[in-house]
Amino acid sequence: MAPRRSDRPLTFLGIAGSLRRASYNRGLIRAAVELAPPGTRVIPFDLDGIPLYNADIEEVSDPEPVAAFKAAIAAVDGLLIATPEYNHCVPGVLKNAIDWASRPARHSVLTEKPIAIMGASTGRSGTARAQAHLRDGLTYTRGLVLPLPEVLVGEAHSRFDPDGTLIDPSIGADVRDLLVALAAWTRRLGRPVEAAAS
Ligand SMILES: Cc1cc2nc3c(=O)[nH]c(=O)nc-3n(C[C@H](O)[C@H](O)[C@H](O)COP(=O)(O)O)c2cc1C
């Protein structure tokens, strides 16, 4: 018997907006992979290969890393994004990847995709401003961003080891709670992944 929709395991794509090897935000995504609650799974996706958005190139065809990124988004139930904060805003690496994924406008793989956001920075506000910008920008993609809870990891240098591995269990609990909420949000929206891929 096929599982009921509420029983079906959910898969989320974990995206960190940093290319740094020991990135705290990559560490947050790794923590999410390890701490994913029962019935959920997080698959990390690295943005390393995504070129700068260029409409002339897009008009011919998506570069292979972009096509792979879009396919990865289409294949999952939702997204879990960990953003750093650069100058109170979203780093270009992440914004650029979202811009590629948001095309074609109104019919992209982000349309009606459940999304949760979190972030770590060395400042005290823990990416609060970057997350506000990210939430705002995702509105136009028609992605459906989970309102709460917020996961704002400030003074990240004291919460991760030098390799970028999370060492603060209270943050791990916050990440897990966010995934629980994202799973409930995804089930509430009731959008089967098959529709996302079409
Ligand atoms: C260009 C630049 C701008 C930054 N601006 C901010 C900022 O506005 N607020 C903040 O808390 N940290 C800021 N930082 C520090 C980042 O929080 C820190 O580099 C962090 O490690 C980036 O995330 P990552 O570890 O995932 O790469 C900035 C860093 C860079 C390189």
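Nothing here was measured: the structure is a model prediction, and the numbers come from that model.

A. Spatial organisation of the site of the ligand. What surrounds the ligand is a group of 13 residues, the closest being Ser18, Arg20, Ser23, Asn25 and Asn87. Between the ligand and glutamate 85 there is a distance of 2.9 Å, counted from a nitrogen atom to a side-chain nitrogen or oxygen. In this structure, an oxygen atom belonging to the ligand sits 3.0 Å away from a main-chain N or O atom of glycine 123. Among the residues making up the shell around the ligand, the classes are represented as three nonpolar, eight polar and two charged.

B. Broad picture of the side chain of serine 121. Positionally, serine 121 belongs in the loop between strand 4 (114-120) and helix 5 (128-141). Ignoring sequence-local partners within four residues, the contact set of serine 121 consists of Glu85, Gly126, Thr127, Val153, Gly154, Glu155 and Ala156.

C. Empty space enclosed by the protein, seen in detail. Overall, the coordinates contain two cavities of 30 Å³ or more when judged by the stated rule. Each pocket or cavity is described by its volume, and for the second largest cavity that value is around 30 Å³. Forming the walls of the second largest cavity are Ile15, Phe69, Ile73, Leu79, Ile81, Ala97, Ile98, Ala101 and Leu110. Elements with a minimum of two residues in the lining of the second largest cavity: helix 3 (64-74), strand 3 (78-82) and helix 4 (92-101). With three residues, helix 4 is the largest single contributor of residues to the lining of the second largest cavity. For the lining of the second largest cavity, the per-class residue count stands at nine nonpolar, no polar and no charged.

D. Inspection of the layout of surface pockets at higher detail. Of the pockets and cavities examined, the largest pocket occupies roughly 300 Å³. Along the walls of the largest pocket sit 18 residues, with Lys95, Asp99, Gly137, Tyr140 and Thr141 positioned nearest its centre. Mapped by element, the contributors of at least two residues to the lining of the largest pocket are helix 4 and helix 5. It is helix 5 that contributes the most residues to the lining of the largest pocket, six residues altogether. Residues that form the lining of the largest pocket fall into these classes: seven nonpolar, six polar and five charged.

E. Summary view of the pattern of salt bridges. All chains considered together, the criterion is met by nine salt bridges. Residue aspartate 99 pairs with lysine 95 through a salt bridge whose shortest N-O separation is 2.9 Å. Linking aspartate 99 with lysine 95, this pair stays in helix 4, spanning four residues, or about one helical turn. Beyond isolated ion pairs, a larger network of salt bridges with shared partners links Arg26, Asp46 and Asp48.

F. Inspection of the packing of aromatic side chains at higher detail. Scanning the entire structure with this criterion turns up three aromatic pairs. A centroid spacing of 5.1 Å and a plane angle of 35 degrees characterise the contact between phenylalanine 45 and phenylalanine 69, whose relative ring orientation is tilted. Of this pair, phenylalanine 45 sits in strand 2 (residues 40-45) while phenylalanine 69 sits in helix 3, placing them 24 residues apart in sequence. Here tyrosine 53 and tryptophan 100 contribute two aromatic rings whose centre-to-centre distance is 4.8 Å and whose plane-to-plane angle is 70 degrees, an arrangement assigned as edge-to-face. Here tyrosine 53 is found in the loop between strand 2 and helix 2 (55-60), whereas its partner tryptophan 100 is found in helix 4, with 47 residues between them in sequence.

Cut-off values and rules
Residues numbered from 1 in each chain as written. Predicted model: local features only at pLDDT ≥ 70, side-chain atom pairs only at ≥ 80, totals over all residues. Heavy atoms only, no water. Near = heavy atom within 4 Å. Polar contact = N/O pair within 3.5 Å; in protein donor to acceptor, adjacent residues only side chain to side chain. Nonpolar A, V, L, I, M, F, W, Y, C, P; charged D, E, K, R; others polar. Helix = DSSP H or I, 4+ residues; strand = E, 2+ residues; numbered from the N terminus. Contact = heavy atoms within 4.5 Å. 1 Å grid on protein atoms, 1.4 Å probe; cavity = no way out; pocket = protein on both sides within 12 Å on 5 of 7 lines; lining within 4 Å. Points joined across faces, edges and corners; volume = space filled by probe spheres on them. Salt bridge = Lys/Arg side-chain N within 4 Å of Asp/Glu carboxyl O. Phe/Tyr/Trp six-rings, centres within 6.5 Å; stacked < 30°, edge-to-face > 60°.

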